[in-house]
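What follows is the residue order along each chain.
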Amino acid sequence: MSSVTERSSAKERRSARDARIIARDAKRKLQPGDFSGGIYPPHNKAQSTAEPIGQIPLAEDLIVPLHQHIGASAIPLVKLGQRVLKGEKIAEADGLISCPVHAPGSGKVIAIEPQPVAHPSGMLADCIVIRTDVEQRWCTLNPCTDFRSLETDQLLEKIRDCGIAGLGGAGFPSAVKLAPRGNWSIDTLIINGSECEPYISADDMLMRERAEEIVAGVEILAHLLDEPDNVLIGIEDNKPEAIATMRKAVHGTRFNVVSFATKYPSGGEKQLIQILTKREVPNSGLPANVGVVCQNVGTAYAVYRAVVFGEPLVSRVTTVVGEALQQQRNVELPIGTPVAHVLDCHGVERKQLQRVVIGGPMMGYSIDNESVPVIKTTNCILAPTWHELPPAPPAQDCIRCGLCAEVCPVSLLPQQLYWYARADEREKLQAYNLFDCIECGACSYVCPSSIPLVQYYRASKGAIRLAEEEKEKSDRARERFEYRKLRLAKAEQAKEVKRQARKRAAEIARQQNQQNTAPQNGSAAAEQERDVVAAALARVKARQASPEQQLARLQRTLTSAEHRFERIQKKLTEATASQQAQLRAQLKEAQVKLQEARDKHKQMKEQQADEEQ
Amino acid sequence: MLQWFSAISTPLLMLGGIALLFGALLGFAAVRFKVEGDPLVDQVDALLPQTQCGQCGHPGCRPYAEAIVAGEAINRCPPGGQATINALANLLDMEAPTLDAEHGIEDVKRVAFIREPECIGCTKCLQACPVDAIVGAAKQMHTVIVDECTGCDLCVAPCPVDCIEMVPLEITLQQWSPEKPLSAAGLIATDRLGSLSADEAKKVSKRDVA
């Protein structure tokens, strides 16, 4: 009887466990989902999608910044005046999280210096400036017909060497992202074609015109990630042409094109993952933690060009849009093309132009200086008129309506963060997960008091980061200070030990001497030794006690110091400006020495005078 | 008599026994869980900026932390500035005073810079640096490791050729972050018209009217 119940209970337990596993698998299975919040701003994509991707005449000077990606700046490889070919590597990656930079056009390096770059600070950064020639000759590339014959490491090296960074916006070095560290098994590759920000249509046009290449790139990416189970290409449903062409291109492959409802910011990496897989990337985690790798369509295209043709990333498709322009379209721009040149080629009316924005109206930033260059992450140049994008009205007091919390795509409490940011309460800000904010600008968009919320968050993030850096530095300083104290104490101790040892040795020697001299007074050896010591002592005494000699030596030193001083002075009058600094230092040194010699001389003389008296 | 004695002695003995037991326990805990040094000094030291500059009158940050715990004023650290004073006041639960100007004033962050062609290699600054942030050897050129320099100023005085200067530490592009927006309470749209050109102002007012 009891055995039967036992058996049945075991059965029940087993079935329950199976059910649990099935439920877990079902949960893990991909389901389309949605993220909380989000907004529906006007799309404004039609202006720039009427024309195919265009080209503009090459700019006279290409300004190539060394820092176009997340991570460390690249290190220049070229010299001033050197001729470079198109596609030649002109700067090498510095460390793992960094990207090399290639010449976007052939020509001559005319400057390696700080230049204004596209950054909200308006600060300068190191750039290589290339004066382009007419020829525009490519360097020899290293094509590869069958990428499957290459090892994963070789492929990654190739992608890394071609300077490919995420073209979606952040510019994270792609090779790093494609080699997820840790033991996360990647079962899903997501290709981000959602391009949710208003006005921007660079990815849209790329998908319409170069779908085959993108799919070929996706094949390489999937191969690199060991053929994940699901490969999803996510596109917002406001791009029907792109969806259609991409569907046609993936026909016959196992890739899926998924279209979903348009909502800002569905193109955020974590939001897109949530939409397509219903998995949520953990706080301060990476997509790899939930088995996903996400890459932009532009990146897939660049990877294809890099692997198959060996072509480095030297140009990108950028949306040039805004009512202040006569022609609005997408263009393929060489990296380093000045924004002013792009605007001029599209018939900008500067009277109408309100400001120039790099990026879209939600996450972009305005630039004051139009000479800044296009970089790898520049997906849009927006030149709106005053009417099109009026400046934000002045901020008013928060009325605690809570609209911002409703639209936040990461479920933060923007209004709470706003209070804490204003009061500089850093611990509270971190407790309310400020660093999970993706700065999408949805909260500022809906704020009825038009409070620039994101600006507060950016400022606070920067302040917290700076404070952390300082804390780290001060900890290091403390460590070094303590170590130095320890070292000095040790040196002092070692000296003391030596002193003691010497003292002891002298004591012993004296005792022995006494012992030796006492019983056998007439020993010849001892006598001799004593003589030697006495002679040495006498010598030393003689050397010390001859003031005339000492005086003479000092005199010699003095005259030679004077000589040296004069010589350097003479040289200084003849020297060029570059040598002058060094000579001046030498002169100062000589002066110090001369002064020392004079002082000693004087002292000695006085002493002598005293003695004579 | 005996009964009376036992009635008194039993509780006395019991209480005494308990007292002895707890005494032994406390004694053991005092030895076993002894804390080396003063933990409050560590906490104060963690808040100080570790420039080791000696502007407070102590030879380093830790000695000053010890002095603070012993009752010295907390407003003698110019490199830390008001932020450090506030943090210290918060920790020690007292009113935050303003910086004592006698010990110096709050300034931008600086680092030492050696004009290398002028350096004669005397190693005097090496010995003065409290955090070993200067590299060099006798008769060799010296230079400052910028990342390790705390800007304490102690190397400037010993230099016989005056080739060390304190340069303001520039913020890099990666470190930059936007300023907090100015609080615009009480500002209305038309207040801004003054700062706009006439053409722009017309446009704004037209839009507001419409």
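Criteria and thresholds
- Residues numbered from 1 in each chain as written.
- Chains lettered and ligands numbered in written order.
- Predicted model: local features only at pLDDT ≥ 70, side-chain atom pairs only at ≥ 80, totals over all residues.
- Helix = DSSP H or I, 4+ residues; strand = E, 2+ residues; numbered from the N terminus.
- Buried ≥ 20, exposed ≤ 12 C-beta atoms within 10 Å, placed from the backbone.
- Domains from an automatic or database assignment.
- Contact = placed C-beta atoms within 7 Å.
- Nonpolar A, V, L, I, M, F, W, Y, C, P; charged D, E, K, R; others polar.
- Pairing = 2+ DSSP bridges.
- Axes fitted to C-alpha atoms, helices over the stretch in contact; angles between N-to-C directions.
- Parallel < 35°, antiparallel > 145°, perpendicular 65-115°, else oblique.
- Left-handed = near helix turned anticlockwise from the far one by under 90°.
- pLDDT = per-residue confidence, 0-100.

> I'm lost on the overall build of chain A in this one. Help?
When helices and strands are counted, chain A shows 18 helices and 16 strands. In chain A, which comprises 613 residues, the share counted as buried stands at 38%.

> For this particular structure, what's the right way to read the overall build of chain B?
Across its full length, chain B carries six helices and four strands. With 210 residues in all, chain B has 21% of them scored as buried.

> Where do I start with the domain arrangement of chain B in this structure?
Accessible area lost upon the coming together of the parts serves often as the stated size of an interface. Residues and elements named next belong to chain B. Taken domain by domain, chain B consists of domain 1 (39–103) and domain 2 (110–168). With centres defined by C-alpha atoms, the gap from domain 1 to domain 2 works out at 26 Å. Taken together, the contact pairs five residues of domain 1 with seven residues of domain 2. For the side of domain 1 that touches domain 2, the residue count by class is one nonpolar, four polar and no charged.

> In this structure, what is going on with the sheet that holds strand S1 (residues 61–65) of chain A? I would like to understand it.
Through backbone hydrogen bonds, the strands of a sheet pair up, either in parallel or in antiparallel fashion. Residues and elements named next belong to chain A. Here four strands make up an open sheet; going across it, the order is S1-S7-S6-S3 and the pairing antiparallel. Both outer strands of the open sheet, S1 and strand S3 (83–84), are each paired with one neighbouring strand and no more. Note that S1 and strand S7 (residues 124–132) share five bridges and pair antiparallel. The partner of Pro65 across the bridge, within S7, is Cys127.

> What should I look at first to understand the packing of helix H5 (residues 202–209) of chain A against helix H7 (residues 240–250) of chain A in this one?
All names here are of chain A. One way to put it is that H5 packs onto H7 with a least axis distance of 8 Å and a crossing angle of 40 degrees. With respect to H7, the axis of H5 lies oblique. In the packing of H5 onto H7, the handedness of the crossing is left-handed. Of the residues in H7, those touching H5 at Asp204, Met207 and Arg208 are Glu241, Ala242, Thr245 and Met246. Considered class by class, the residues forming the contact of H5 with H7 number three nonpolar, one polar and three charged.

> Would you explain the confidence of the model for chain B in this entry?
Low-pLDDT portions of the prediction should not be read for the details of their coordinates. Residue and element names in this part refer to chain B. On average, residues of chain B score 84 in pLDDT, and 86% of them reach the 70 mark or higher. Low pLDDT, under 50, characterises residues 205–210; the predicted model gives this stretch three contacts beyond four residues in sequence or across chains. If you check the scores for this complex, the pTM reads 0.75 and the ipTM reads 0.76.

> It is not clear to me how the environment of A:Glu388 should be interpreted in this structure. Could you clarify?
Residue and element names in this part refer to chain A. Along the chain, Glu388 turns up in the loop between strand S16 (380–382) and helix H11 (403–407). Judged by local crowding, Glu388 falls into the partly exposed class, with 17 C-beta atoms found within 10 Å. When neighbours within four sequence positions are excluded, Glu388 is seen to be in contact with Gly322 and Glu323.

> Explain the environment of A:Gln500 here, please?
With respect to the element layout, A:Gln500 can be found in helix H15 (residues 453–517). Counting along the chain gives 96 residues from A:Gln500 to A:Glu596, while the straight-line C-alpha distance between them is 34 Å.

> Help me understand unusual backbone geometry in this model?
The bulk of non-glycine residues show a negative phi, and the bulk of peptide bonds are trans. Residues and elements named next belong to chain A. The omega angle of the peptide bond from Tyr264 to Pro265 is 0 degrees, so this bond is cis rather than trans. Mapped onto the fold, Pro265 is located in the loop between strand S10 (256–260) and helix H8 (269–277). Phi is positive for Ser284, close to 55 degrees, though the residue is something other than glycine. Of note, Ser284 is situated in the loop between H8 and strand S11 (292–296). On the neighbour-count criterion, Ser284 (9 C-beta atoms within 10 Å) is exposed.

> I would appreciate a short explanation of the environment of B:Ile145 in the present structure.
All names here are of chain B. Secondary-structure assignment places Ile145 in the loop between strand S3 (143–144) and strand S4 (164–168). Given 14 C-beta atoms within 10 Å, Ile145 falls into the partly exposed group. Sequence-wise, Ile145 and Pro97 are 48 residues apart; in three dimensions their C-alpha atoms are separated by 34 Å. Apart from residues no more than four positions distant in its own chain, Ile145 is found in contact with Ala133 and Val135.

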